[in-house]
Amino acid sequence: MNGARHRFALGLTCFLMVCLTVVYPFLLYTPNAFITSWREWYIETAMGTMTHQWLATWFIPDDIIEQVMAKRYLLNQKQQGVTSTWRAPTDDVTQTAFTPEEQFYQTFSELDRDSFEAYLREHPEAVENGYDQIKIDLIDDPTEKNYDTGIQTVQGDTVLVVDAVHGILIAEIVGEDSLGMEYAGKVALCKHPENVFVGTCEGLFEYGSYVSDMVRDYDAVLGINASGFADYEGNGTGGLPYGFLKSEGKKLQSAVGDDWKIIGFDEDDHLQIGAFSDTSQLRDGVEFHPALIINGENLVAGTGLNEQQPRTAIGQAEDGTVIMLVVDGRQFHSFGISIEKCADVMECYGAYQASMLDGGSSSVMVYDGREITSPTTLSQNPEGRYLPDAFLVK
């Protein structure tokens, strides 16, 4: 018996020595494209968190981390000085009288008409009160993916919600990001930008609330997380927002500046993104980074950043449609999505302006009183984290 234990101990020691002297240096320094991609993905993903960077810094040399993270410097360089500018509306648009049906399809232009009409033929009750009263909600478990509702967007995504009453369409976003790892989330298209605003938690500057609580408190129908917040050593209460905050015309906190962007709606219901010194024109706003798309230009394309994390982003198309994106991460059904891929989704839905919001375990989307995405928290709380504010839709 002692001989067997001795041989096992000797074999384990030899294995560890081989790992330390051969495998470990090979994984760190090999130029092999496949291993390099995985190594960079691991470093970016670990360093992209606020509390788990030690997963990279503990055993990966600083010079290798700095080389990988230099991509972030290039991203920040592209962000310098960019500010949203909306083109003046044209006056030569001919007003046409539409039937309620045509008005519906005009509003929800992203809806694939053939697939939706096929759905209505099978479910005539959905339109029995008229097209302006359609409310279809096919979302089940937040972790469910690859739905087969029979309804598609013209972009090819599966439609889960058509809410004509509130002007909201929600589609499933699924795919593969870097290294073939899957992601799943929801994109909400809000057709009434005048109904999008920033709501705050009940105990602002002291303690936070769930997004679902803010949705309820403001009598909203849809909400996503917005600001980052002070979270010292992972023990923050969620009530102290980081950066600029303005809610329904009332400025509550000033900007921090640096590479961060103010993200908010002006009195004309346009999404404005930039480092504004004068924020009087904004009715609602928060502060985060990076910007994804400014004035139609994708600012993160080609940066090579491929870290997969839970993400939240907001954008707006030139027709006024507000685009809200939340993608789950760090879970079996969804590893997360990269910043570059978020911009791709925004571009796909016509975003003229778009920016990231807080992500990680804060990412959540709430519709009609319940969470329709799956937040990743240590406690596995389906409501997510306590947060200071949210973008809400009435």
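Scroll up for the structure.
Just so it is clear, the structure is predicted and the values come from calculations on it, not from any experiment.

Draft legend 1. Local environment of the sheet that holds strand β4 (residues 182–190). The nine strands lie next to each other as β1-β2-β3-β4-β15-β14-β16-β12-β13, forming an open sheet whose pairing is antiparallel. At either margin of the open sheet sits one strand with a lone partner, and together these are β1 (135–137) and β13 (297–298). Of the pairings in the sheet, the one linking strand β14 (residues 311–317) to strand β15 (residues 322–327) comprises six bridges and is antiparallel in character. Along β15, the bridge assignment pairs Arg311 with Val327. Helix α8 (residues 339–348) rests against β3 (168–176), β4, β12 (291–294), β13, β14, β15 and β16 (351–356) of the sheet, and its axis sits at about 35 degrees to β12.

Draft legend 2. Highlighting the packing of helix α5 (residues 100–107) against helix α6 (residues 113–122). Running from amino to carboxyl end, α5 crosses α6 at an angle of 130 degrees, the nearest separation of the two axes being 12 Å. Here α6 runs oblique to α5, going by the angle between their axes. Of the two elements, α5 crosses α6, and the hand of that crossing is right-handed. For the pair α5 and α6, contact is made by Glu101, Glu102, Phe104 and Tyr105 and by Arg113, Phe116, Glu117 and Leu120, respectively. Taken together, the residues of the contact of α5 with α6 sort by class into four nonpolar, no polar and four charged.

Draft legend 3. Structural view of the sheet that holds strand β5 (residues 196–200). What the five strands build is an open sheet, ordered β5-β19-β6-β17-β18; its pairing is antiparallel. The open sheet has two free edges, formed respectively by β5 and β18 (370–371), since each of these has just one partner strand. Here two bridges tie strand β17 (residues 365–367) to β18, and the two strands are oriented antiparallel to one another. Looking at β18, one finds that Tyr367 is bridged to Arg370.

Draft legend 4. Spatial organisation of the pairing of strand β10 (residues 271–274). Burial along β10 is two-sided: the residues Leu271 and Ile273 and Gln272 and Gly274 are all buried. Inspection of the sheet shows strand β9 (residues 261–266) paired to β10 by four bridges, in the antiparallel sense. By the bridge assignment for β10, Phe265 is matched with Leu271. Connecting the antiparallel pair β9 and β10 is a turn made up of four residues, with Asp269 showing a positive phi of about 65 degrees.

Draft legend 5. Structural view of the pattern of salt bridges. Applying the stated rule across the entire model yields 14 salt bridges. The partner of Arg87 in a salt bridge is Glu318, and the shortest N-O contact between them spans 2.5 Å. Of the two residues, Arg87 is situated in the loop between α4 (62–79) and α5 and Glu318 in the loop between β14 and β15; the sequence distance between them amounts to 231 residues. Among the salt bridges present, the one from Arg113 reaches Glu102, with a minimum N-O distance of 2.7 Å. Remark: Glu102 occurs in helix α5 and Arg113 occurs in helix α6; sequence separation between them is 11 residues. With a relative accessible area of 29%, Arg113 lands in the partly exposed category. Connected through shared salt-bridge partners, Glu101, Glu102, Arg113 and Glu117 make up one network.

Draft legend 6. The packing of aromatic side chains, seen in detail. Under the defined criterion, the tally for this structure stands at 13 aromatic pairs. Between Phe104 and Tyr105 the ring centres are 5.2 Å apart and the planes differ by 80 degrees, which places this aromatic pair in the edge-to-face class. For Phe104, a relative accessible area of 4% puts it in the buried group. According to the relative accessible area criterion, Tyr105 is buried, its value standing at 9%. Residues Phe104 and Phe108 carry aromatic rings whose centres are separated by 5.1 Å and whose planes lie at 50 degrees to one another, so their mutual orientation is tilted. The pair formed by Phe104 and Phe108 is uniform in burial state, with each residue classed as buried. Through a chain of ring-to-ring contacts, the aromatic side chains of Phe104, Tyr105, Phe108, Phe116, Tyr119 and Tyr131 assemble into a single cluster. Above the face of the Phe197 ring, Lys394 is positioned so that its terminal group lies 5.1 Å from the ring centre.

Draft legend 7. Focus on unusual backbone geometry. In this model, His289 is joined to Pro290 through a cis peptide bond whose omega is -5 degrees. In this model, Asn295 sits at a positive phi of 55 degrees, which is unusual for a non-glycine residue. With respect to the helices, strands and loops of the structure, Asn295 is situated in the loop between β12 and β13. Accessibility expressed as a relative area gives 28% for Asn295, which makes it partly exposed. Even without being glycine, Asp368 reaches a positive phi, approximately 50 degrees. Tracing the backbone shows Asp368 in the loop between β17 and β18.

Draft legend 8. Here's a closer look at the pairing of β16. For β16, the tally of buried residues reaches six of six residues, placing the bulk of the element in the interior. Of the strand pairs in this sheet, β12 and β16 are connected by two bridges, and their pairing is antiparallel. Residue pairing across strands places Ile293 opposite Ala354, the latter belonging to β16. Taken together, the five bridges between β14 and β16 define a ladder with antiparallel strand orientation. Counted as the bridge partner of Ala317 is Ala351 from β16.

Procedures and definitions
Residues numbered from 1 in each chain as written. Predicted model: local features only at pLDDT ≥ 70, side-chain atom pairs only at ≥ 80, totals over all residues. Heavy atoms only, no water. Pairing = 2+ DSSP bridges. Helix = DSSP H or I, 4+ residues; strand = E, 2+ residues; numbered from the N terminus. Contact = heavy atoms within 4.5 Å. Axes fitted to C-alpha atoms, helices over the stretch in contact; angles between N-to-C directions. Parallel < 35°, antiparallel > 145°, perpendicular 65-115°, else oblique. Left-handed = near helix turned anticlockwise from the far one by under 90°. Nonpolar A, V, L, I, M, F, W, Y, C, P; charged D, E, K, R; others polar. Buried < 20%, exposed > 50% of the residue type's maximum accessible area, 1.4 Å probe, protein only. Salt bridge = Lys/Arg side-chain N within 4 Å of Asp/Glu carboxyl O. Phe/Tyr/Trp six-rings, centres within 6.5 Å; stacked < 30°, edge-to-face > 60°. Lys NZ or Arg CZ within 6 Å of the ring centre and 35° of its normal.

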